[in-house]
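Breakdown of the fold
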Amino acid sequence: MVEAPSILLVDDSQDTLEVLSRNLQEKGYRVACATGVSQAVEMLRQEGYNLVITDYKMPKVSGLDLVRHVRENLPDTEVMMITGYATVEGAVEAVKAGAEEYLTKPFTDEELLTAVGRALEKLRLRRAQRAAPALGPAVQGLLGESEPMRQVFQAISRAASTTATVLICGESGTGKEMVARAIHYQSPRATAPFIPVNCGGIPETLFESEMFGHVKGAYTGAVESRAGFFHSADGGSILLDEVSETTPVMQVKLLRVLQDRQVYMLGSDRSVQVDVRIMAASNKDLQTLVKRGSFREDLFYRLNVISIEVPPLRRRGEDVLLLARYFLDKFSRELDRQAPVLSDGAVRALLEYSWPGNVRELENLMQRLVVMTDEKEIGVHLLPPAMRFCTSGDAFSPCTLAEVEAEHIRQVLALVAGNKTRAAEILGIDRKTLREKLKRYSNEKQPRK
Ligand SMILES: Nc1ncnc2c1ncn2[C@@H]1O[C@H](COP(=O)(O)OP(=O)(O)OP(=O)(O)O)[C@@H](O)[C@H]1O
Ligand SMILES: [Mg+2]
């Protein structure tokens, strides 16, 4: 018999834990409870769970930290966060930290169970994707069959077998962070943490303390010692994301760790040895910044031991379609729908478009299409104008003006979901004329597809 999925509930309120666990147990889930993040982390260390459901606001450590811990260390566990108030920020933070789902209080039993079902389905898909090579040579969820991506996969494998520092460059949204994750999870360090740090998001004054930690009394308000990102990543890997955004002061501090692998906690003159694999990512060309004098040359060479260039989506040929279909499938499943297919015209438009936002732009577009339309086929008319105009549409075949008119009316109708009043407005004719035209077409022949 297949074992029921296991869920770890984390909430500081005993009452909430009881209610939630009763509901979930009734549906056949195996449930364990923790009243705080540290207890949860310990339980996760001892046993694997399929899903963690955590409260956001808890005394001591926030649920957000648990979300990060799970996402960074436990690829086989989904995580869902419950936020107390319906603030966009809470939800956005949860999703950014890697929560697959979030629920805002109050929620119904049904909402809870639906969200749990969705989260577990995502886990199933992720495992299936890892097990099935059918989707092409995917490395840790990175899809691609084009030559430039094959080279990236080779570089990932080579990098994973060493501990050398890696510099990952590429335009925004190309998958740099995914490449770093892939290197970490393919390396012997996979069971230790992967810690991505957004260097652009840390103010210079906090940089040292965030990165290297501080000892008690290091500055006013430092009431106790705290570890930094480098300590958290001990035994694992750290990704210095957006490394081009570091200031000269921050660069000096990083250079010091890269040179001697020693970390000085703020306020302490004794160094601590850390065993951390360092990776850095940038969407700016660091060499140009070095020439301009805004990035230290010595730091650049320390980082650039192995360099991986993640190609922009427009150089990946038919990978665009592979990814588009993968995302259509993924988002449709989430909504329990059949994935739509791409029309020939849409295929051409996707291939011709230049994708300035790369894979992230493609992913967002596919999600929007799945959410916004119920159509079984995605035609050119459903694509954003910038894409529609970069293609000649479906293959050109000489035809009559009446046919062109019929096709145009069909596309406008599709755009407004069949609303004839809106369609007539857009077409600049009255409803009666539109009705007559439609009647005539249906008597003559079906408009060209
Ligand atoms: N080859 C790929 N296969 C599947 N998904 C991908 C691939 N590349 C990127 N993605 C998805 O695209 C999105 C952007 O990827 P990621 O965050 O790694 O990009 P990035 O280069 O770090 O972007 P930025 O420069 O904006 O930080 C993510 O949702 C990621 O899951
Ligand atoms: Mg990134």
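Analysis parameters
- Residue positions are counted from 1 within each chain, in the order its sequence is given.
- As a convention, the first chain written is A and the first ligand written is 1, with the rest following in written order.
- Confidence filtering applies because this is a predicted model: local features only for residues at pLDDT of at least 70, side-chain atom pairs given and counted only at 80 or more, and all residues used for totals across whole chains, interfaces and linings.
- Values shown for side chains rest on all heavy atoms present in the structure; no hydrogens or waters enter the calculation.
- Fitted lines through C-alpha atoms give the axes, limited to the stretch in contact for helices. The angle between two N-to-C directions lies from 0 to 180 degrees.
- Helix and strand definitions here come from DSSP, where helices need a minimum of 4 consecutive H or I residues and strands a minimum of 2 consecutive E residues; each element is numbered from the N-terminal end.
- Angles below 35 degrees are treated as roughly parallel, those above 145 as roughly antiparallel, those between 65 and 115 as roughly perpendicular, and all remaining angles as oblique.
- If you view the pair so one helix is near and one far, a crossing is left-handed when the near helix is turned anticlockwise from the far one by less than a right angle, and right-handed when it is turned clockwise.
- By the convention used here, residues are in contact when the closest approach between their heavy atoms is within 4.5 Å.
- Side-chain atoms within 4.5 Å link the members of a nonpolar core, which is a set of buried Ala, Val, Leu, Ile, Met, Phe, Trp, Tyr and Cys residues.
- With a 1.4 Å probe rolled over the protein chains alone, any residue whose accessible area is under 20% of its type maximum counts as buried; one over 50% counts as exposed, and the rest are partly exposed.
- A helix is expected to span 1.5 Å multiplied by its residue count minus one.
- Directions drawn from the helix axis to the C-beta atoms are what define this arc.
- For this document, the term salt bridge refers to a Lys or Arg side-chain nitrogen within 4 Å of an Asp or Glu carboxyl oxygen.
- Here, any two strands with at least 2 DSSP bridges between them count as paired.
- Every residue gets a pLDDT, meaning the predictor's confidence in that residue, from 0 to 100.
- Handedness of a crossover: with both strands directed away from the viewer, a clockwise path from the first strand across the helix to the second marks it as right-handed.
- Like charges are joined within 9 Å and nonpolar side chains (Val, Leu, Ile, Met, Phe, Trp, Tyr) within 5 Å, but only among residues with over 30% relative accessible area and no salt bridge; these make up the patches.
- For every accessible area listed, the method is Shrake-Rupley and the probe measures 1.4 Å; residues are considered covered only by the protein chains on display.
- Only four residue types enter the tally: Lys and Arg on the positive side, Asp and Glu on the negative side; His and the chain ends are excluded.
- By convention, the point assigned to a charge is CZ for Arg, NZ for Lys, CD for Glu and CG for Asp.

1. Concerning the packing of helix α13 (residues 319–334) against helix α15 (residues 358–372)
- With their axes 9 Å apart at the nearest point, α13 and α15 run at an angle of 45° to one another. As summarised for this structure, α13 and α15 are arranged oblique, according to the angle between their axes. Viewed along their axes, α13 and α15 form a crossing whose handedness is right-handed. Side by side, α13 and α15 meet where Val320, Leu323, Ala324, Phe327, Leu328, Lys330, Phe331 and Ser332 of the first sit next to Val359, Leu362, Glu363, Met366, Gln367 and Val370 of the second.

2. Comments concerning the nonpolar core
- Counting residues in each nonpolar core, the largest one holds 31 residues, and the members touching the most others are Met211, Phe230, Ile238, Leu240, Val243 and Phe295.
- Looking at this core, the elements that each hand over two or more residues are β6 (166–169), β7 (194–198), α8 (204–212), β8 (237–241), α10 (248–260), β11 (277–282), α11 (286–292) and α12 (297–303).
- Sort the elements by how many residues they give to this core and α10 lands first, with five residues.
- When residues no more than four places from it in sequence are discounted, the contact partners of Met211 are Val197, Cys199, Gly228, Phe229, Phe230 and Leu240.
- Leu342, Ala349, Tyr353 and Leu365 belong to the second largest nonpolar core, which has 28 residues in total.

3. Some points on α10
- Under the 1.5 Å per step criterion, the end-to-end length of α10 is 19 Å for 13 residues, consistent within 8% with the ideal 18 Å.
- All buried positions along α10 are accounted for by Met250, Gln251, Leu254, Leu255, Val257 and Leu258. In a view along the axis of α10, the buried residues occupy a sector of 165°, so they form one face of it.
- The elements touched by buried residues of α10 are α8, α9 (229–232), β8, β9 (262–264), β11 and α12.
- One or two steps after α10, the chain reaches Arg261, where phi turns positive at roughly 55°.

4. Looking at the pattern of salt bridges
- With the rule as written, the count across this model stands at 16 salt bridges.
- Across the salt bridge formed by Lys437 and Glu405, the nearest N and O atoms sit 3.1 Å from each other. Taken together, the residues span a long stretch of sequence, with Lys437 in helix α19 (residues 431–444) and Glu405 in helix α17 (residues 401–415) at a distance of 32 residues.
- In the salt-bridge network here, residues are joined through shared partners; they are Glu121, Asp329 and Arg333.

5. Topic: the sheet that holds β7
- Read from one edge of the open sheet, five strands run β7-β8-β11-β6-β12, paired in parallel fashion. Each end of this open sheet is capped by a strand with a single partner; those strands are β7 and β12 (306–309). On average, each strand axis in the sheet is tilted by 20° relative to the strand beside it, whichever way the strands run.

6. A word on the confidence of the model for the chain
- Here the chain averages 87 in pLDDT, while 90% of its residues score no lower than 70.
- Looking across the chain, the model is least confident in helix α4 (residues 88–97), with a mean pLDDT of 69, and most confident in β6, with 98.
- Here residues 445–449 is a poorly scored stretch, pLDDT under 50, and it has 10 contacts once near neighbours within four places are set aside; other chains count.

7. Regarding α8
- Turning to α8, its buried residues are Phe207, Ser209, Met211 and Phe212.
- On its buried side, α8 packs onto β7, α9, β8, α10 and β9.
- Gly213 sits one or two residues past α8 and shows a positive phi near 80°.

8. Focus: the pairing of strand β4 (residues 78–83)
- The element β4 is extensively covered by neighbouring structure, given that six of its six residues are classed as buried.
- Because side chains alternate across β4, one face comprises the buried residues Glu78, Met80 and Ile82, and the other comprises Val79, Met81 and Thr83, equally buried.
- Bridge analysis of strand β3 (residues 51–55) against β4 gives five bridges, and the strand direction is parallel. The residue of β4 that forms the bridge with Asp55 is Ile82.
- Where the polypeptide runs from β3 across helix α3 (residues 63–73) and back to β4, its parallel neighbour, the crossover connection is right-handed.
- One ladder, built from four bridges, connects β4 with strand β5 (residues 101–104); its direction is parallel. Within β5, the position partnered with Ile82 by the bridge is Leu103.

9. Details of the environment of Gly228
- Position of Gly228 relative to the elements: it lies in the loop between α8 and α9.
- Taking C-alpha positions, Gly228 is 4.3 Å from Phe212, a pair spaced 16 residues apart along the chain.

10. Some thoughts on a negative patch on the surface
- Residues Glu26, Asp109, Glu110 and Glu111 make up a contiguous surface patch of negative charge.
- At three residues, helix α5 (residues 109–131) tops the list of elements feeding residues into the negative patch.
- Relative to the elements of secondary structure, Glu110 occurs in helix α5.

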